[in-house]
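As a plain string of letters, each chain reads:
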Amino acid sequence: MTVREDSAAAAPPTAPSIVGAARRGPRLRQIAARVPDWAALVVVLAVLVVFFSFKTPYFFNTDNFINILIASAVVGIIACPATMLLIAGQFDLSVGGATALVTAVFAESFTHDRPLIVSILLAVGVGAGIGAVNGFLVTVIGINALITTIGTMGVTRAFAFIETNGQAIGFNGFSTLGVSRPLLNIPWMVWIFVVIVLLTTFSMRATTFGRSLYAIGANPAAARLAGIRTRRVIFAGFVLSGLAVGLTGLLVASQTGQGSGNAATGLEFSAITAVVLGGASLAGGRGSIVGTILGVLVIGVVNNGIVLLNIESFWQDVVRGLLLIVAVAVDRLRLRLAAE
Amino acid sequence: MATLLSAHGVRKSFGGVEVLHGVDLDAASGSILALLGENGAGKSTLVKILAGDYVPDAGEIEIGGERYSHLTPISARAAGVRMIHQEFQDAPTLSVAENISLGRLPSRRSLVRWRAVRERAQTVLAQMGVDLDPDAQVGSLRVGERQVVEIARALSDQARVLILDEPTAALSQQEVDRLFDFLRRLRDQGTAIIYITHRLDEVHAISDRVQVLRDGFVATEGETSGFDRAALVEAMIGRAAAGVVRPPARAWELGAEPMLELRGAAAEPAFADVTLRVFPGEVVALYGKLGAGSAEVAEAVFGLRKLTAGTMLVGGEAGAASGPAASIGRGVGFVPADRKREAILPVRPVAENVAASSWRLLARFRLLISRRAEARAYRRWHDALSIRSRNDPLQPVATLSGGNQQKVVLARWLERGSPLLVMSEPTRGVDVGARAELYRSMRELASNGVGILVSTSDYEEVVQVADRALVMARGRIVAELEGDAITTSRLLTEAGG
């Protein structure tokens, strides 16, 4: 069968699904290969929505959906660059601690009467700086990304506590970003989330940078020998993650009106769960922003449902942990099928 | 010679496609059976069934009088069947002795008896007639030695049927000779050996019987002495082939200025005093056995190794390129020896694999790349190189056969338009049919003015593709042959037998 060029161009850049394709005939396999990895997540999401809609009358309405989006925005903004990194076979676990440090630095600066714009630039600069340090350690020194960012995760959170003397530093006059709702009754942070999603989707699908990330994740040695400047690309990935941290730190600070060492705990956990749930492979080379966003929404809906059903919120962590394990197990299974 | 292992009517399908259509195989004790076939002929699948890695859909296996409908890795081992894989299955950080007893360390009350571990290793190594330190760390051994350790492990575990899957792929000639000696000795001690290969010269050198598989059927089988080379090739590819033939003499003009020039180049300790020139329009082979330095020269030309002395000019331009990206910018393309690890992006689509080195050239504003542009790049080379695929630009490259993957890697550099192509072992693990097609493409490229430097340890390859051949031994160029002076015997003699 000949594939016309337009259909090839319209197909998503995710690697074709191998799950379920292995045992079918060639025709079916070609069709199955066109179904993206994240199709199953759409089904999961729909099932969850139907389930919670029947279980509680408070679930299925616009206000609650906006709540879910608000709750998902922070994780989502971090999960986008995390997807880019995981596709290239890299991790950034420092995002939670780094976000806390950004809120602390911002609060400290803002409450010492520095102009708002200076405090904002400082916050974003700290985020990007942490990203650059991670990138330097991984690409120049050559430390494994997992170890590097576990290290910086601890360091950044500790510095956040040091910066705030272990207290939360409250402030007034910076709530617009996190609280006000400019359009369709939807707050800024959700709109920012949408913009980040569009930007990262575009760069993963349509730019040489995105292609390079996929290539590096698929086979770092081959990518280098094909002429891709792998270290530069990975470094850029970490800086993008750091920029997202800077932005997230500002959003969290604005939303909560304080800078605190306790901010954004477990953010790295939620982000990685969403990314892996969304079909990005721990082995690198496959995954998509669309999948990740679906992963973020699944987690958001589950968390929201748990609250609405009056179940203790600790169960959120249980579900999130289980989701991570299930997602990784599915990834393993997929790799095994692909290997056959 | 009693038949020790026999398989009858073995069938196996993957994903609805049958790859073995009722195959018989007999292995006798005290005999070496060469199992020959192109990639995809089904030989790996067949031996994996014998080793218990796969369960056959139909058929029966009989080992030493016991009948099995299928084997498991454990029951195969208990029956005395052991397979030496191409990829080592050893523990590189442990010692030779520990590796030989891997998985069955002698112990008393869960304490390892280290003396017994050493004794067992010494016994089996002595029996095999190899001189290896049982305390050496396996990861520090040379490839050939590691293979010996794997065989030692099998033997010390009472292997009666030894299966070797293309064991010489990474060996030097001396190591091959030693391996053959040693397989003969094992045969004489009564082991049944199944030797998988697609190298014809090895079939006559080592085997007593030969069985040729083609497309999942037994194409032919019998006493090795009853077949000549041409008959085996014909059985493998299903048509008569001319064997090792020289390409027609070059009918086109060489460029005036060398594309690549090395003067007294050295990268100690791999090679020294290498002087060579590659002109646009010619295929120059750098032939040497493993460790002779030819692979390292290729790496240096691509900027993967720093020269410690001498000069290198690419396109008349001096100065060492640092790293692949810079070399590509200077017009050098590189086809690495280890396709799987260094060349392909396995889970990514074929179109991306073709476009990978040219993304910025194919992109708008050097940034915006489309699926459409990649698909066009892929189609440009799909027919020219006769890449056999589903003709779907989004098909993952890992689903192609080795030969077709190699064509995709070649297409990557054609798309890039590199005027100098450096290829290292370009047809390793590529079947005969695809090999001929690759040679044809290389000749055609040269006729279009590309300069090609092929580093290889396969002398047949040199004969079949090179206009000029430089023979390397111990890091130096020891001979230069041109045109019809390039023969297998000359190459072997010059390289030091």
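With that settled, consider the overall build of chain B. Counting its secondary structure elements, chain B contains 18 helices and 22 strands. Taking 497 residues into account, the globule formula puts the C-alpha radius of gyration at 23 Å, and chain B, at 24 Å, falls close to it. Dimensions of chain B, computed from C-alpha atoms along their principal axes, come out at roughly 70 × 50 × 45 Å. Here chain B holds 497 residues, and the buried ones make up 48% of them.

Further remarks concern the sheet that holds strand E22 (residues 476-482) of chain B. All names here are of chain B. Spatially, the six strands line up as an open sheet ordered E18-E19-E20-E15-E21-E22, and their pairing is mixed. The outermost strands of the open sheet, each flanked by one partner alone, are strand E18 (332-335) and E22. Each strand axis lies, on average, 20° off the axis of its neighbour in the sheet, ignoring direction. In this structure, strand E15 (residues 283-287) lies alongside strand E20 (residues 451-456), joined through five bridges in parallel fashion. Note on E20: the bridge partner recorded for Ala285 is Val454. With respect to the sheet, helix H9 (residues 294-301) is in contact with E15, E18, strand E19 (420-424), E20 and strand E21 (468-473), its orientation differing from that of E20 by roughly 145°. Along the sheet face, helix H15 (residues 402-416) touches E18 and E19 and points at about 175° away from the line of E18.

As a further point, take the environment of B:Val332. Its location among the elements puts B:Val332 in strand E18. In this structure, the C-alpha to C-alpha distance between B:Val332 and B:Gly315, residues 17 residues apart in sequence, is 9.4 Å.

A few words now on helix H6 (residues 173-188) of chain B. Residue and element names in this part refer to chain B. Compared with the 22 Å implied by 1.5 Å per residue over 16 residues, the 23 Å span of H6 between its first and last C-alpha is a close match. Every buried residue of H6 is accounted for by Glu175, Leu183, Leu186 and Arg187. Burial along H6 is one-sided: seen end-on, the buried residues are contained in an arc of 110°. For H6, the exposed residues set more than 90 degrees away from the buried face come down to Asp181 and Asp188. Buried residues along H6 sit in contact with strand E3 (31-36), helix H5 (143-156), strand E9 (161-165), strand E10 (192-197) and helix H7 (200-206). At the exit of H6 stands Gly190, carrying a positive phi of roughly 105°.

How each quantity is defined
- Residues numbered from 1 in each chain as written.
- Chains lettered and ligands numbered in written order.
- Predicted model: local features only at pLDDT ≥ 70, side-chain atom pairs only at ≥ 80, totals over all residues.
- Helix = DSSP H or I, 4+ residues; strand = E, 2+ residues; numbered from the N terminus.
- Rg over C-alpha atoms; globule rule 2.2 N^0.38 Å.
- Buried ≥ 20, exposed ≤ 12 C-beta atoms within 10 Å, placed from the backbone.
- Pairing = 2+ DSSP bridges.
- Axes fitted to C-alpha atoms, helices over the stretch in contact; angles between N-to-C directions.
- Contact = placed C-beta atoms within 7 Å.
- Expected span 1.5 Å × (residues − 1).
- Arc of directions from axis to C-beta.

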